[in-house]
Amino acid sequence: MTSPTIDGKAETANVLRMRGVSKTFGAVAALKNVDLDVNRGEVLALVGDNGAGKSTLIKILSGVFSSDSGTIYIDGKERAITSPADARSAGIATVYQDLALCDNLTVVNNLFLGQEISPANLDETAMEVKSWELLKQLSAKIPSVQVAIASLSGGQRQTVAIARSLLGEPSLILLDEPTAALGVAQTAEVLNLIERLRDNGLAVIMITHNMVDVRAVSDRIAVLRLGQNNGVFLTKDVSNSDLVASITGATDNEVTRRESRVHQDQEG
Ligand SMILES: Nc1ncnc2c1ncn2[C@@H]1O[C@H](COP(=O)(O)OP(=O)(O)OP(=O)(O)O)[C@@H](O)[C@H]1O
Ligand SMILES: [Mg+2]
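Some points on the overall build of the protein
So, point 1. The secondary structure content of the protein amounts to nine helices and twelve strands.
So, point 2. Taken across its 268 residues, the protein has 35% of its residues classed as buried.
So, point 3. The contacts in the protein between residues at least 6 apart in sequence include a share of 64% that link residues at least 24 apart.

Some remarks on helix H1 (residues 54-61)
So, point 1. Most of H1 sits out of view: seven of its eight residues are buried.
So, point 2. For H1, the full list of buried residues reads Lys 54, Thr 56, Leu 57, Ile 58, Lys 59, Ile 60 and Leu 61.
So, point 3. Phi turns positive one or two residues past the end of H1, at Gly 63, with a value near 80°.

So, the sheet that holds strand S6 (residues 69-74)
So, point 1. Strand order in the open sheet formed by four strands is S4-S3-S6-S7, with antiparallel pairing between adjacent strands. The two strands at the open ends of the sheet, each matched to only one other strand, are strand S4 (28-39) and strand S7 (77-78).
So, point 2. Both strand S3 (residues 14-25) and S6 contribute to a ladder of five bridges, which runs antiparallel. Bridge assignment links Leu 16 to a residue of S6, and that residue is Ile 74.
So, point 3. Docked against the sheet, H1 engages S3 and S4, running at close to 65° with respect to S4.

Notes on the pairing of S3
So, point 1. In this sheet, S4 lies alongside S3 in antiparallel orientation, the contact comprising eight bridges. Counted as the bridge partner of Val 21 is Val 34 from S4.
So, point 2. Where S3 folds back on S4, the antiparallel hairpin that results is connected by two residues, among which Gly 26 adopts a positive phi of roughly 55°.

Notes on the nonpolar core
Side chains of a nonpolar character, in soluble globular proteins, are inclined to be buried together.
So, point 1. With 62 residues, the main nonpolar core has Leu 46, Ile 194, Val 204 and Met 206 as its most contacted residues.
So, point 2. In contact with Val 204, not counting residues within four places along its chain, are Val 43, Leu 44, Ile 173, Leu 175, Ile 194, Leu 197 and Arg 198.

A closer look at the packing of helix H5 (residues 154-166) against helix H6 (residues 184-199)
So, point 1. Taken N-terminus to C-terminus, the directions of H5 and H6 make an angle of 20°; their axes are 8 Å apart at the nearest point. The angle between H5 and H6 places the two elements in the roughly parallel class. Every pair of crossing elements has a handedness; the one defined by H5 and H6 is right-handed. Across from Gly 154, Gly 155, Gln 158, Thr 159 and Ile 162 in H5, the residues of H6 making contact are Gln 186, Glu 189, Val 190 and Leu 193.

Some points on the sheet that holds strand S9 (residues 172-176)
So, point 1. With mixed pairing, six strands are arranged side by side in an open sheet as S8-S9-S10-S5-S11-S12. Unpaired on one side and paired on the other, strand S8 (92-95) and strand S12 (228-234) mark the two borders of the sheet. Pairwise comparison of adjacent strand axes, ignoring direction, gives a mean angle of 20° for this sheet.
So, point 2. Against the sheet, H6 makes contact with strand S5 (42-47), S9 and strand S10 (203-207), and its axis sits at roughly 150° relative to S10, the strand it touches most.
So, point 3. Along the sheet, helix H8 (residues 240-248) contacts S5, strand S11 (220-225) and S12; its crossing angle with S11, the most-contacted strand, is approximately 30°.

Examining the site of ligand 1
So, point 1. Neighbouring ligand 1 are Phe 25, Val 28, Ala 30, Gly 48, Asn 50, Gly 51, Ala 52, Gly 53, Lys 54, Ser 55 and Thr 56.
So, point 2. Elements represented by at least two residues in the shell around ligand 1 include exactly S4 and H1.
So, point 3. Here the residues of the shell around ligand 1 are counted per class, giving four nonpolar, six polar and one charged.

So, how was this worked out
Residues numbered from 1 in each chain as written. Chains lettered and ligands numbered in written order. Predicted model: local features only at pLDDT ≥ 70, side-chain atom pairs only at ≥ 80, totals over all residues. Helix = DSSP H or I, 4+ residues; strand = E, 2+ residues; numbered from the N terminus. Buried ≥ 20, exposed ≤ 12 C-beta atoms within 10 Å, placed from the backbone. Contact = placed C-beta atoms within 7 Å. Pairing = 2+ DSSP bridges. Axes fitted to C-alpha atoms, helices over the stretch in contact; angles between N-to-C directions. Core = buried A, V, L, I, M, F, W, Y, C linked by C-beta atoms within 7 Å. Parallel < 35°, antiparallel > 145°, perpendicular 65-115°, else oblique. Left-handed = near helix turned anticlockwise from the far one by under 90°. Near = placed C-beta within 6 Å. Nonpolar A, V, L, I, M, F, W, Y, C, P; charged D, E, K, R; others polar.

Right, here's the structure in full:
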């Protein structure tokens, strides 16, 4: 798929293009001149050590923070994102780590919280039908849309939060540590779900510290280090040691030392 780009040349359409995005908090430069591209039908893993700027970048895209400088293009068009409403209308949906679900409400009520189909006269049937449609589209394993969120597993809750973010029909979905609190089976379920989002043509950015998840589901990996770009890799081509080196800025570090210890133990 091609479309005219910033410099007028036809090129693969990026859903997202960030150019030279910077953000400071007082004396802290959280992001310095960061560039990032994500294509439709692609999962980009955004990785980096604690404090690298990942959440700041996500919050700029979701309109929680405004950047100090830089430009954001969505589908090739420059967009000013200064509020969550701007982000939504640009087609960007965010699932935060705390999920922001209400434990005591049902699945269907959580899905439509704040956007009930007919506010004056809640259309329960329409919401229930739409809920099943959404969950079916995600092949989600939810027993019933009338159960309370409190009775669902972590993976099921993550699924509901992702389903809710799809109601606005976004083209870009941002997931902050979607598997951080999950067990093995639930993680697999959420990774399957992320693949389904990609197969439906969405662009996905997934923040994670888990290299197994990165390997399992991402197409490309963008590394931030101390608020700056520090490499973009094709997941299938990059070695673990190169990735760790890019994240930490050194080839000699705890993880690589451990790796060589393990190799020595295996050989000896
Ligand atoms: N609201 C804020 N006020 C002041 N400083 C902030 C704020 N948000 C982030 N920072 C600083 O900006 C830098 C980047 O933080 P950010 O939360 O983006 O990192 P991160 O990559 O998400 O880290 P983690 O993996 O620990 O979540 C850090 O130095 C952090 O202390
Ligand atoms: Mg963070």
